[in-house]
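Breakdown of the fold
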Amino acid sequence: MATNPSNTLAQPQIQPGGQLIGLARQLVLNHLIDEAAAIKALEQSRKDNVPFVAHLVENKLARDKDIARVASRSFNLPLFDLSALEIDPAVVRLVDEKLIRQHHALPLYKRGRRLFVGVIDPTNQRALEDIKFQTRLDIEPVIVSEGQIAKALDQSLDQQSSGMVDSEIGDLDFSTETDGGPKIETLTGSDADDAPVVRFINQVILQAVNRGASDIHFEPYEKMYRVRLRQDGMLDEIFKPPVSMAPRLAARLKIMAQLDIAERRVPQDGRIKLYLTKQRAIDFRVNTMPTLWGEKVVMRLLDPTSAQMGIEALGYEDNQKELFLNAIHKPQGLVLVTGPTGSGKTVSLYTALNILNTADVNISTAEDPVEINLPGINQVNVNIKVGMTFANALRAFLRQDPDIIMVGEIRDIETAEIAIKAAQTGHMVLSTLHTNSAPQTLSRLVNMGIASYNIASSVTLIIAQRLGRRLCQHCKEEVQIPPEELIKQGFRKEELKDLIIYKAVGCDQCSGKGYKGRVGIYEVMPISDEIGRIIMAGGNAIQIADQARKDGINDLRQSGLNKVRMGLTSLEEVNRVTTE
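Our subject in this report is the structure included herewith. (Residues numbered from 1 in each chain as written. Predicted model: local features only at pLDDT ≥ 70, side-chain atom pairs only at ≥ 80, totals over all residues. Heavy atoms only, no water.)

1. Considerations on the packing of aromatic side chains
Short version of the rule: Centres within 6.5 Å make a pair out of two Phe, Tyr or Trp rings, where for Trp the six-membered ring is used; the pair is then stacked when the planes are under 30 degrees apart, edge-to-face when over 60, and tilted otherwise. Strands here mean DSSP runs of E at least two residues long; helices mean DSSP runs of H or I at least four residues long; both are numbered from the N terminus. Two limits define a charge over a ring: the Lys NZ or Arg CZ must be within 6 Å of the ring centre, and within 35 degrees of the ring normal.
Enumeration according to the criterion identifies four aromatic pairs in this entry. Aromatic side chains F200 and F239 sit 5.3 Å apart centroid to centroid with 65 degrees between the ring planes, which places their arrangement in the edge-to-face category. Here the residue F200 occupies a position in helix α10 (residues 195-211), and F239 occupies one in strand β8 (residues 234-239), the gap between them amounting to 39 residues. Clustering of aromatic rings is evident, with ring pairs tying together Y316, F324 and Y522. Here the basic side chain of R469 rests over the ring of Y515, its NZ or CZ set 4.2 Å away from the ring centre. Geometry around Y502 places K476 over its ring, the cationic atom sitting 4.4 Å from the centre.

If you want it as structure tokens, here you go:
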């Protein structure tokens with residue numbers, strides 16, 4: 001059933017005259033929350049498109065168990081303890097996963113034509129109607145607490161995915177994109193001997209997708225074999241299959257990526273498209289590397305949704321966002337994004353391209369390789385073997401009447417010179433560079449051999465970025481740190497009075513890690529006239545950094561400390577990603 005996302009979670013909790021009704025009113029009457037806070041929470045939950053109760057619990061405005069008790073008593077519905085029930089996966093599969101997560105409503109038990117559904121807000125009639133429409137069953141709501149239903153949702157849907165691995169293994173399609181068109185790899189009779197290997201790899205891939213991992217590592221050693229996932233920037237070992245499986249696992253992965261299975265001496269690159277359902281597909285970039293004890297295979301998950309997140313989701317501060325948007329909307333100039341591998345540079349570039357991608361501009365990109373397909377943008381794969389380098393692609397772009405050009409990475413002086421020439425001749429150029437900070441980027445360009453006057457006249461903005469792990473909002477705890485230590489870490493003395501710092505603890509919501517998701521830490525440095533003069537005079541990175549501070553630009557360290565002040569991450573995490 002098609003629903004309007006903006007209205008899906010907007011329960012009628014406020015009458016036109018501003019009078020609270022429904023669950024919100026009952027919470028106010030039972031003194032769990034005051035009226036002003038309830039109205040503000042309702043408005044914010046609608047803005048964020050999350051259930052009202054989930055918003056209250058996440059922001060610690062009310063306890064989930066107290067809300068559940070009030071809902072049960074006020075609406076004369078049973079309060080159910082989910083820990084007492086073993087939920088049948090077949091019952092969960094009656095309702096679409098998207099609908100379950102959207103409404104925080106979980107099918108619990110089916111008896112004849114009646115389906116018992118656990119809900120956190122019984123006044124959300126939209127949820128009950130949507131489930132009834134899909135299942136054609138009579139819906140019986142029961143009250144469950146937000147904490148219990150969040151845990152049960154993850155467990156039930158993970159079981160559903162695991163069941164998919166075992167029971168529907170032959171329905172997973174892998175497509176490898178080549179010049180000759182897509183080739184489909186599925187489990188066939190000829191693969192029968194390798195069925196356990198196929199099943200294992202599919203299980204690993206599905207687990208990676210469900211956990212939101214960015215990379216999968218298949219690693220052979222002398223006496224062991226391990227599979228690790230990179231989640232929120234950290235590697236986590238999930239499986240240790242028998243070392244005897246190493247050649248078969250590598251062979252299967254190479255077949256899926258349409259690589260040469262006979263070639264084990266040199267690295268190879270490939271690409272896989274995995275069709276989870278007819279509507280949902282995920283791309284993987286595959287690289288093999290010969291090691292001492294066999295081939296290591298790394299798969300990078302390329303999530304198309306990351307390119308459409310929008311600038312608000314990236315974690316820019318308000319002034320940084322303004323500088324970023326102003327720079328990319330200029331008719332010409334060079335915008336550089338810097339940072340180590342895995343710092344989110346590609347997502348930042350794709351976000352900028354999505355903002356700029358309108359019908360009246362011509363956008364071309366040269367990437368190695370193209371990670372995410374963007375409709376309306378001319379994307380070119382760099383292929384050094386056939387002579388399609390970044391520099392050659394750039395030259396070709398300039399003969400294609402471009403408005404905006406994106407270069408995946410500036411690696412040499414030839415590419416840098418063409419990019420700068422393009423920026424000086426009326427084009428907006430976006431690119432990346434591997435440096436530690438924004439001021440160092442300018443020094444790196446000078447060291448590459450670019451004339452300082454060209455740098456000063458063409459570069460408009462430099463963004464240095466890192467990705468830090470976001471504190472789990474369900475379990476983070478306030479931590480007391482001595483004032484002298486806080487000052488040593490970079491906080492100002494006048495900030496200490498109202499400063500609250502949180503630490504990671506660990507709970508069921510974050511798999512005991514204390515962190516869930518990531519937050520961007522940015523240094524956004526526009527090239528001011530003063531910085532331009534320093535570049536022209538042959539100044540170094542230290543002089544540029546000093547001038548940036550005078551211009552009010554926060555470096556990576558200060559931006560990280562701002563994230564600590566906001567309660568988004570911990571001081572330990574900022575130290576991990578910003579300490580050089």
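2. Regarding helix α12 (residues 318-328)
This is how the line gets drawn: Each residue gets one of three labels from its accessible area relative to the maximum for its type: buried under 20%, exposed over 50%, partly exposed in between, using a 1.4 Å probe on protein chains only. To be clear, the arc concerns the directions from the helix axis to the C-beta atoms. Note on contacts: a residue pair qualifies if any of its non-hydrogen atoms lie within 4.5 Å across the two residues.
Along α12, the positions that sit buried rather than exposed are Q320, F324, A327 and I328. Angular distribution of buried residues about the axis of α12 spans 90 degrees; they occupy a single face of the element. Facing away from the buried side of α12 by more than 90 degrees, the exposed set consists of D318 and E322. Structurally, α12 contributes buried residues whose contacts are with β12 (333-338), α13 (345-356), β16 (428-433), β17 (459-471), β20 (515-526) and α21 (556-565).

3. Things to note about the pairing of strand β3 (residues 138-143)
Applicable threshold: Two strands qualify as a pair provided that DSSP identifies no fewer than 2 bridges between them. Handedness is read with the strands pointing away from the viewer; a crossover is right-handed when the path from the first strand over the helix to the second is clockwise.
The sheet contact formed by strand β2 (residues 114-119) and β3 spans six bridges and is parallel. When the sheet's bridge partners are listed, R114 is paired in β3 with D138. Where the polypeptide runs from β2 across helix α8 (residues 125-135) and back to β3, its parallel neighbour, the crossover connection is right-handed.

4. Some thoughts on unusual backbone geometry
In the Ramachandran plot, D232 falls in the positive-phi region, its phi being about 55 degrees despite a non-glycine side chain. Among the secondary structure elements, D232 is positioned in the loop between β7 (225-231) and β8. Although it is not a glycine, Q258 sits at a positive phi angle of roughly 55 degrees. With respect to the helices, strands and loops of the structure, Q258 is situated in the loop between α11 (246-256) and β9 (268-275). Judged by relative accessible area, which is 35%, Q258 ranks as partly exposed.

5. Focus on the sheet that holds strand β14 (residues 378-381)
Defined as follows: Axes here refer to lines fitted to C-alpha atoms; in helices the fit is confined to the stretch in contact. Angles between the N-to-C directions go from 0 to 180 degrees.
Read from one edge to the other, the open sheet built from seven strands follows the order β14-β13-β15-β16-β12-β17-β20, with strand pairing classed as mixed. In this open sheet, the two strands that pair with only one neighbour each are β14 and β20. Strand-to-strand twist across the sheet, computed as the mean angle between neighbouring axes with direction ignored, equals 20 degrees. Pairing geometry for strand β13 (residues 363-367) and strand β15 (residues 404-407), over four bridges, is parallel. Each bridged residue has a counterpart across the sheet, and for A366 the counterpart in β15 is V407. In the packing of α21 onto the sheet, contacts are made with β17 and β20, and the angle to β20 comes to roughly 140 degrees.

6. A look at the state of the cysteines
For clarity, the threshold we go by: Disulfide assignment relies on a single distance test, namely cysteine sulfur atoms paired within 2.5 Å.
The full count for this structure, using the stated rule, is zero disulfides. Its sulfur unpaired, C472 is 3.7 Å from the next cysteine sulfur, which belongs to C507. We note that C475 lacks a disulfide partner, and the nearest cysteine sulfur, in C507, lies 3.7 Å from it. Given a relative accessible area of 9%, C475 falls into the buried group.

7. Observations concerning the pattern of salt bridges
Heads up, the rule is: Here a salt bridge means any side-chain nitrogen of Lys or Arg lying within 4 Å of a carboxyl oxygen belonging to Asp or Glu.
Applying the stated rule across the entire model yields 21 salt bridges. Ionic pairing is found between E140 and R114, a salt bridge with its closest N-O pair at 3.7 Å. With E140 in strand β3 and R114 in strand β2, the pair connects residues that are 26 residues apart, well separated along the chain. Close ionic contact of D368 with R411 constitutes a salt bridge, the shortest N to O distance being 3.0 Å.

Spatial relationships are all this shows, so hold off on functional conclusions.
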